Amino acid sequence: MPTVKKQIEKAEECLHEGDFDQAYQMAQKIIQQNPSELDAYFIMAESCYELESFQEAFEIYQKALILFPDNRELLAAIADLQINFFEEFEKGLQLCDQIIKKTTLEENPELFLDVMFLKSVALLSLGKSQESVAILGQLEKTPEMFEILPESFFFLHYGLSLFETFRFEESIAKFQQALLDDDELAIAHHFKAIAYEWLDEKEKSKDSYQQAHEIDPEHFPMPIEIGISEFKKIYQKALLSLDQRIVDLLKDVPIHFELMPLVADLIKEAPPLSPLIGAKCSGEPPASDIPIEKKWLKPPKGLFLYVKNMLRLCESEDEVEAEIHANIEDSITVFLSLPKNYFHLDG
C-alpha cells in the first residue's frame, strides 16, 4: 500500500491536471484513514473550489480548522471564500487582519501579500476604496507581489479602486497596465470606457466599449441608446411590477431623471457612493431602529435615476425596465434600512 506521502502526491497530481473529482475522492480516502492529514483537507477543499462547490469547500476548511486552529493558510482560504463568494466582507476582513497581525513579509511573503491583497478587495467591497488604494499602492512597490498574482488581475483591481475614488485618469492608467499584461481582459476595456465617459472623452469611451464588446459580447453589450423621454416611458412600465408599498411611498415624491450623478453628490455621503450608482433617494431617512411598518410612513425627499448608469449593460427595453426595477428596489432598501434582499424574501 502506498505511503500517505505518495497518496498525497498522487492526489495533488490529479488536482493540478484538472481531474478534480478524482483528487477529491483520493483526498477523502486519505482523511478517512488519517484524519489529521492537513494536506488532504486542502486538496479536497480546492477540488470543491474548482468544481464551484464553494459551501462544501468552506465546510472542509472549517473541519480542518478544528484540528489546526492556528493555521494561517486555512484562515486565509476561509477569508477568500467569505470575501469573493459569500459576500461576508466584514467577516473576511476580520480574518485578514487576524492573519496580518501574525505574519510578516520577510517570514512568509506569499501569505502576507496574498492576504493584504484580499484585504484590499474586502475594503473596496465595503465602500472603503481610499483604504483599498492605500494598500494597493504599497503592494505595487513590492516586487514579490507579481510572483504570486498576475499583473492583469492586480492592476484591474487597482484601477477599480481608483475608479471608485473618482480618480478617473489614474484608473485609466491602471486599466491600461492590466491590458498590457492581457489585452483580452474585456472588463478592463469596459471600465476604461466608463472612466473616459466621466472625463467626457466620448470617442475614447466609445472605442473602449467597442473593444470590450468584441472580446466578450455576452457580458459587455454595446450600450443601448435611449433618450430621457423614452427612458421615462420605460420607468412608468417598471412601476407596474414594483412592490405596491414602493409605488405608494413614491406617489408624491419628485423623480429626477439625470444622465449621470454629480461627483459632489456622491462624495458627501458616508461612505461615498459609487460612480456606478443607478438610483439614489434624497432626504432624511427614517431611524434604522424603528419598526419596518413605520418606515414606510417616511418617504424620501426625492428619487434620482441616473440614466447612463442603468443603460450601460442593457441591450433591450425589457432589460432597461428590469434595471430600473432593481435599482429602485435597492435605493428604497438602503433609504429605509431594510434587510438585504427584503423584496425577495419568502413570505
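Residues numbered from 1 in each chain as written. Predicted model: local features only at pLDDT ≥ 70, side-chain atom pairs only at ≥ 80, totals over all residues. Heavy atoms only, no water.

1. Observations concerning the packing of aromatic side chains
Evaluated as defined, the whole model comprises 21 aromatic pairs. On the basis of an interplanar angle of 85 degrees and a centroid distance of 5.2 Å, the ring pair of Phe154 and Phe155 is categorised as edge-to-face. The exposure classification of Phe154 matches that of Phe155, with both residues buried. Centre to centre, the rings of Trp296 and Phe343 are 6.1 Å apart; their planes meet at 70 degrees, and the pair counts as edge-to-face. Within this pair, whereas Trp296 is found in the loop between helix H17 (292-295) and strand S3 (302-306), its partner Phe343 is found in the segment after helix H19 (317-335), the two being separated by 47 residues in sequence. One exposure class covers both Trp296 and Phe343, and it is buried. Of the aromatic side chains, those joined through ring pairs into one cluster are Phe117, Phe146, Phe153, Phe154, Phe155 and Tyr158. Lying over the aromatic face of Phe304, Lys280 brings its terminal NZ or CZ to 5.2 Å of the ring centre. (Phe/Tyr/Trp six-rings, centres within 6.5 Å; stacked < 30°, edge-to-face > 60°. Buried < 20%, exposed > 50% of the residue type's maximum accessible area, 1.4 Å probe, protein only. Helix = DSSP H or I, 4+ residues; strand = E, 2+ residues; numbered from the N terminus. Lys NZ or Arg CZ within 6 Å of the ring centre and 35° of its normal.)

2. So, the pattern of salt bridges
Inspection of every chain in the model, using the stated rule, returns 13 salt bridges. A salt bridge links Lys340 to Glu87; the nearest nitrogen and oxygen atoms lie 2.7 Å apart. Of the two residues, Lys340 sits in the segment after H19 while Glu87 sits in the loop between helix H5 (72-84) and helix H6 (89-101), which places them 253 residues apart along the sequence. Two residues, Glu197 and Lys308, come together in a salt bridge whose shortest N-O distance is 4.0 Å. With Glu197 in helix H12 (residues 186-198) and Lys308 in helix H18 (residues 307-311), this pair connects stretches of sequence that are 111 residues apart. The structure contains a network of salt bridges with shared partners spanning Glu197, Lys308 and Arg312. (Salt bridge = Lys/Arg side-chain N within 4 Å of Asp/Glu carboxyl O.)

By themselves, these are just geometric observations and shouldn't be taken as functional.
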